[in-house]
Amino acid sequence: MPSSRLSRRSAIHALGLATAWSISPLRAGLAAAATRDTPDFIDALVARMTLEEKAGQLTLMASAWGGDRAAGLNPPGGLSDFDKQIEDAVAGRLTGVFNGNGAAMALRLQSAVMERSRLKIPLIFAADVIHGHRTIFPIPVGEVASFEPELAQRTARAAAFEAAGAGIDWTFAPMVDIARDQRWGRAMEGAGEDVLLGRLFAAARVRGFQGDNLAADDAMMACAKHFAAYGAAEAGLDYSTADLSERTLREIYLPPFHAAFAAGCGTTMASFNEIAGVPSTANHWLLTDLLRGEWHFPGVVVSDYTGDMELIAHGVARDGRDAARLAFLAGVDMSMESDLYRLHLPGLVRDGHVPEAAVDRSVRRVLAMKAMVGLFDNPLRRIDPAREAARSRRPETMALAREAARKSIVMVRNQGGVLPLPRASRIALIGPFAAGPHDIIGGWSVYGDDAQGVDLATGLRAAGGHVTVVAGCAIDAPLPGGIAEAVAAARAADVVMLTVGESQDWSGEAQSRAEITVPQAQQQLAEAVAATGKPIVVVLKNGRALALSGAVRNAAAILVTWQLGSESGHAIAEVVYGDHGPQGRLPVSFPYESGQEPYHYDHKTTGRPQPPGPLQPYKAHYHDLPDAALFAFGHGLTYGKITYADLTMDRTTMPWDGTITVSARLTNHGARAAQEVAQLYIHDRVASITRPVRELKAFAKVALAAGETREVRFTLRRADLLFIGLGLTPTVEPGQFDVWIAPSAQDDGVHGTFELLQT
Ligand code: BGC
């Protein structure tokens, strides 16, 4: 079969990724800083800087202010440490701080620098604003379940409005790491397992954080992290080795970064992990050849937290000086938290190990970033304690949090139409997540507060529900008499709502789980309550896909509710009572068992695929399980009853430079309105490289009133059929393709075939 390779440039254009970036003013500014066209004032500043001051501009430290939730993330420090940090900043030994607390802190630091430092270069204030600032939105993977990138753009915009109001110029978000292994705790922080969702949500979040004008007082610079393949950690163990082919890297893990940069993201963070023996922080190929050479990324590369120092533990650097040299020469412009650049860069330059011109180039990039977020125009632009309070948790932001939470809920099962519940139902609300100020907002929030979140009991009662609350057990341990009390409450009720799952502290950084199951104490509670025979609605709390079993798996209804943020309880109540139908879809496959991980829907066929039907010998399946998900990627039910019919194509051959339009008719046979997410998948039947069983290429949310039929229509073009070919470049090959429009990756929906013709 002849193979036609597009040049990378044309492929990128075909994907429409480069356009936005090439015309963005941000790119022009950053690109200028990386070349001789640097604005004069930046060049003039660099010319006046000592080597120590240059190293200072490349050194970012955690805020020593501490307090609030930031204390849990930053090294503990009293005010005396903060005073010392002010003196460091005044002496030019710091480029900025991160994860401090608000405008009051920023005001003290920035004022000191502007009044007393030699060069008066403003500090930059960074923070992990991951899923909201004071108003907390659903954890990122939960929000992706909305299948609405535009929603993520709005929540990122609202987060920027609050956070920039608190003096924050730069967020360490979005995390755009693909997560194909649900044992990996940071699955909660990304867009799940799929590349298309990864790309669309990366770009949407960047647009949201950065807004139309990065210098505005409600915009923050974004940071696409963690570059790269952090989610490919062996056995899902956070920080662990990634050893993957360059093809998989380019086809699966890199596209969301590219999409983020195409949307104007001006910074990226080197990942902690190694790839094939080379830690990213020391990976010249990744950070320089690919990022700068191939992608022409003009922005700032920051290390992750002490990532450069960790080159010693990785075993590729002898000591701190060696680590600083390796990281800097690989392409890390700015060092986070280790202090290694400040300690060693000047000496490395003086001894001839690092060219000063390279240091100057990194400093120019950092100064250009500060210029871009408006700091040279007004260093106090985002620092105003009154505005910080005025922007915090405004009613419209809370309403958005509720909308986002509601749209993130995925109903994966609803036997006999047990949901929605009549408001008159007497509910036994059982389980460790039923009530109380914990495990509501999600774990990756520096400034949010569970005590300000709405728990489920409060949400149901506020909606007029009749609720008896019994914890029954703790998250990971039985409670004395807990099961007996729960069983009694279940017997006295019409329906049980069983809130089980994970603590929000079990996902996120360093939170890998070998078994992604409901903890034993909760499972025992579920079995005892199920034995009463009452209908059970499981409200799952989860930061990742879970492997469900027994009474939890077999419950009449299951709502996947992640950690939904500030408005959690209200949003769940709206769905439970049917004020709004569920409309979320799984962005991660729920396996039958933990042992299937890493499991992702877009796996290969293998040479021995298991055909539909009973398990056959010598085929690709486990002894005890099919090679499939319990709840598939893309799955999610509505309160309607949707059927798919009549796949039609405007032609059966796609011309090389043409399109093909694929449509299907969706009918809601149910008695209630529904928001259906129709998904278009393809499969390339024969190619020079093995192709996944299915790949998501498009999706659309379709509102269907009771009894309504609508046509959903998608247009495919050659660029949608790209893969990374034998020569490791984007490639399209002519031939036959399967196409499905379906409600999930495992559902047949409606199916057709077409042929791509080479002219
Ligand atoms: C995490 C990053 C985060 C940084 C700063 C690191 O441990 O991996 O995602 O941005 O800390 O808080």
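Here's a quick rundown of the structure. Computed from a predicted structure; not experimentally measured.

Overview of the sheet that holds strand β22 (residues 659–668)
Strand pairing in a sheet takes place through backbone hydrogen bonds and is either antiparallel or parallel in direction.
Item 1. The sheet built from three strands is open, its strands ordered β20-β22-β25 with antiparallel pairing. Every interior strand has two partners, whereas the edge strands, β20 (642–649) and β25 (709–717), have only one. The average undirected angle you get between the axes of adjacent strands in this sheet is 25°.
Item 2. Relative to β22, β20 is paired through six bridges, and the arrangement is antiparallel. Following the sheet pairing, T643 is matched in β22 by T667.

Let's talk about the packing of helix α20 (residues 395–408) against helix α25 (residues 568–576)
Item 1. Look at α20 against α25: their axes get within 8 Å of each other, and the N-to-C directions meet at 50°. If you check the angle between α20 and α25, you find them oblique. You can see that α20 and α25 cross each other, and the crossing is right-handed. Counting all contacts with α20, which are made through R402, A405 and R406, the residues of α25 involved are H570, A571, E574 and V575.
Item 2. A per-class count over the contact of α20 with α25 returns three nonpolar, one polar and three charged.

With respect to the pattern of salt bridges
Pairing of side chains with opposite charge becomes possible as their charged atoms draw close.
Item 1. Tallying each qualifying case throughout the model produces 50 salt bridges.
Item 2. Between D128 and K225 there is a salt bridge, and its shortest N-O distance comes to 3.2 Å. In this pair, D128 is assigned in the loop between β4 (124–127) and α9 (140–144) and K225 in strand β6 (residues 223–227), connecting sequence segments 97 residues apart. Residue D128 shares its accessibility class with K225, and that shared class is buried.
Item 3. We note a salt bridge from D339 to R342, for which the minimum N-O separation is 2.6 Å.
Item 4. Beyond isolated ion pairs, a larger network of salt bridges with shared partners links E148, E150, R154, E403, K407 and K701.

Quick notes on the sheet that holds β6
Item 1. Ordered in space as β6-β7-β10, the three strands form an open sheet in which the pairing is parallel. A strand with exactly one partner marks an edge of an open sheet, and here the two such strands are β6 and β10 (300–302). Along the sheet, successive strands turn relative to each other by an average axial angle of 25°, direction set aside.
Item 2. In terms of strand pairing, strand β7 (residues 267–270) meets β10 through three bridges, oriented parallel. In the strand pairing of β10, T268 is matched with V301.
Item 3. Strand contacts of helix α13 (residues 255–262): β6 and β7, with the helix running at about 160° to β6, the strand carrying the most contacts.

About the criteria used
- Residue numbering note: each chain is counted from 1, following its sequence as written.
- The predicted origin of the model limits local features to residues at a pLDDT of at least 70 and limits the giving and counting of side-chain atom pairs to 80 or more, whereas totals for whole chains, interfaces and linings rest on all residues.
- Note: side-chain values were computed over all heavy atoms of the structure, leaving out hydrogens and water.
- Two strands are said to pair when DSSP picks up at least two bridges between them.
- Labels follow the DSSP assignment, with helices taken as runs of H or I lasting at least four residues and strands as runs of E lasting at least two, numbered in each case from the N terminus.
- The angle between two axes is taken between their N-to-C directions and runs from 0 to 180 degrees, where each axis is a line fitted to C-alpha atoms and a helix contributes only its stretch in contact.
- Any angle from 65 to 115 degrees is called roughly perpendicular, while one under 35 is roughly parallel, one over 145 is roughly antiparallel, and all others are oblique.
- Should the near helix be turned counterclockwise from the far one by less than a right angle, the crossing is left-handed, whereas a clockwise turn marks it as right-handed.
- What makes two residues a contact is simply this: any of their non-hydrogen atoms within 4.5 Å.
- Under the grouping applied here, Gly and all other residues not named as nonpolar or charged are polar, the nonpolar ones being Ala, Val, Leu, Ile, Met, Phe, Trp, Tyr, Cys and Pro and the charged ones Asp, Glu, Lys and Arg.
- The term salt bridge refers to a pairing of a side-chain nitrogen on Lys or Arg with a carboxyl oxygen on Asp or Glu at a separation within 4 Å.
- For each residue, the accessible area found with a 1.4 Å probe, counting protein chains only, is set against the maximum for its type, and the residue is called buried under 20%, exposed over 50%, and partly exposed in between.

By themselves these figures say nothing about function.
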